[in-house]
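Now for the letters of each chain:
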Amino acid sequence: MRQRCRLICSRSSLYLYVTAIALFTLCNILAIILISRNSKQNDQPIAKINAEEPIFPPQDGGLLIGNLLSSFVFNFNQSSSRTDTKRTYIIHDAVVVGNAYGTYGQSAYVTLATQCSVDRLHMLFELADIWRAPMSIAVFVPGVDFYIAKVYIAYLRLCSQVIRTNATFHFLYHRDMAPTDSYLSDHAHDHQAVPSCARSKEALPLLLRYRTSSFRRWWQQALHPQNHLRNVARTGVRTPYHFLTDIDILPMLGLAHQLDVFLSTSPKGKSCPKCVYVVPTYEMPEQLPVPRSKAELLERINKKQSRPFHAKVFIHNQYATNHSLWEKIPSSKELEAAYKISNYEFFYEPFFVARANVPLYDERFIGYGFTRNTQ
């Protein structure tokens, strides 16, 4: 009974903590809508956005894995790892650091924090090219996925200048599926090649073949530690604010810059340390391009080509945002807080921008479903 009372009191304090919740509205479209592209587990990676000429001698038209791994600094030291509170997961912070990592706090106000498993890493090509600002990415790397992630992150950095500059990666794995010594120091694949940057769709599926049958069986039963990963990604943020999303959520082009301006100059952004700013989120068929204006989005809504995120799957997920109200608000030239959310409910799971001092996610919830609404 006492334990239950402490839990309820703790949750009540979280409700009081968020004293103001506001929505963004922007004139010309580009800054406020997130587009969720539902991708299946076996989706092929998208085409590379920022192709560069390979800097390594190609082998059969590809890039040697050994050359990829020697092209960047990999900060992995088992003695410097940490664990979660229950000692179930091992965490390695900043194993790969973006080239601009040391200047993040001086040049930007907000970092996009996200998390994924290795088979979703290809989504970073498009996400990084749209965001073009600091990113903190936590990756689940049990067993052989540790090696696959290491190789593929080297590939991402080679093929995308924006990833090389802005993306910092953190690793997390289950204590019962830690990378073995063979994965930590294995050079058996150094003379094998991955496709060149111009053929990036083929790279990750090729690397995923390194998964053994026993690992695949374990993977089918494993629970994805989403909240652990979200907290790791947040811990890696070096800017005053973070914008935490899932890796298959695409922001509108220009959102990072608009947020920097709003958070650094707006009286509301500067004077409300306990405010979080909710970004309206919509979903649409993956084959449709991201709309370039609010008017274009509204047109798709009228044509039944777009709808609020999870409107059909679980309406309470985003219901408190009140998308219909936001859709009626005229656009403005600057990003600004549109209105206060007054109808908060427990199952609400918005994507929002906040300072680092908001509560972390509850790590008792593991797997998919109802994990973000516990914050």
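Residues numbered from 1 in each chain as written. Predicted model: local features only at pLDDT ≥ 70, side-chain atom pairs only at ≥ 80, totals over all residues. Heavy atoms only, no water.

An unreviewed UniProt entry lists the chain under the name Beta-1,4-glucuronyltransferase 1, from Araneus ventricosus. If you open the UniProt record of the chain and go to Catalytic activity (unreviewed entry), you find "3-O-[beta-D-Xyl-(1->4)-Rib-ol-P-Rib-ol-P-3-beta-D-GalNAc-(1->3)-beta-D-GlcNAc-(1->4)-(O-6-P-alpha-D-Man)]-Thr-[protein] + UDP-alpha-D-glucuronate = 3-O-[beta-D-GlcA-(1->3)-beta-D-Xyl-(1->4)-Rib-ol-P-Rib-ol-P-3-beta-D-GalNAc-(1->3)-beta-D-GlcNAc-(1->4)-(O-6-P-alpha-D-Man)]-Thr-[protein] + UDP + H(+)". The UniProt entry for the chain carries this comment under Sequence similarities (unreviewed entry): "Belongs to the glycosyltransferase 49 family." (UniProt positions renumbered as here; feature names shortened; annotations may be inferred.)

Looking now at the state of the cysteines. Applying the stated criterion across every chain yields a total of 2 disulfides. Disulfide pairing places cysteine 159 opposite cysteine 197 at an S-S distance of 2.0 Å. The sign of the S-S torsion, about -85°, decides the handedness of the disulfide formed by cysteine 159 and cysteine 197: left-handed. Of this pair, cysteine 159 sits in helix H5 (residues 145–159) while cysteine 197 sits in the loop between strand E9 (193–195) and helix H8 (203–207), placing them 38 residues apart in sequence. Of the two residues examined, cysteine 159 and cysteine 197, each falls in the buried class. (Disulfide = S-S within 2.5 Å. Helix = DSSP H or I, 4+ residues; strand = E, 2+ residues; numbered from the N terminus. Buried < 20%, exposed > 50% of the residue type's maximum accessible area, 1.4 Å probe, protein only.)

In this section: the pairing of strand E6 (residues 110–117). The buried fraction of E6 is high, at 8 of 8 residues. The alternating pattern of E6 places Val110, Leu112, Thr114 and Cys116 and Thr111, Ala113, Gln115 and Ser117 on opposite faces, both of which are buried. Looking at chain direction, E6 and strand E10 (residues 241–244) are connected through 4 bridges and run parallel. Bridged to leucine 112 within E10 is phenylalanine 243. (Pairing = 2+ DSSP bridges.)

The subject of this paragraph is empty space enclosed by the protein. Under the criterion given, the structure shown has 2 cavities of 30 Å³ or more. If you add up the space inside the second largest cavity, you get close to 30 Å³. The wall of the second largest cavity is formed by Tyr101, Tyr104, Thr111, Met135, Ser136, Thr168, Gly236, Val237 and Arg238. In the lining of the second largest cavity, the residues fall into 4 nonpolar, 4 polar and 1 charged. (1 Å grid on protein atoms, 1.4 Å probe; cavity = no way out; pocket = protein on both sides within 12 Å on 5 of 7 lines; lining within 4 Å. Points joined across faces, edges and corners; volume = space filled by probe spheres on them. Nonpolar A, V, L, I, M, F, W, Y, C, P; charged D, E, K, R; others polar.)

Attention now moves to the packing of aromatic side chains. Tallied over the entire structure, the rule returns 15 aromatic pairs. The interplanar angle of 65° and the centroid separation of 6.3 Å between the aromatic rings of phenylalanine 72 and phenylalanine 74 together place this pair among those described as edge-to-face. Consider the rings of phenylalanine 74 and phenylalanine 171, whose centres lie 5.9 Å apart with planes at 55°: the pair is tilted. One end of the pair, phenylalanine 74, is in the loop between helix H2 (65–69) and strand E4 (82–83); the other, phenylalanine 171, is in strand E8 (residues 167–174), with 97 residues separating them in the sequence. (Phe/Tyr/Trp six-rings, centres within 6.5 Å; stacked < 30°, edge-to-face > 60°.)

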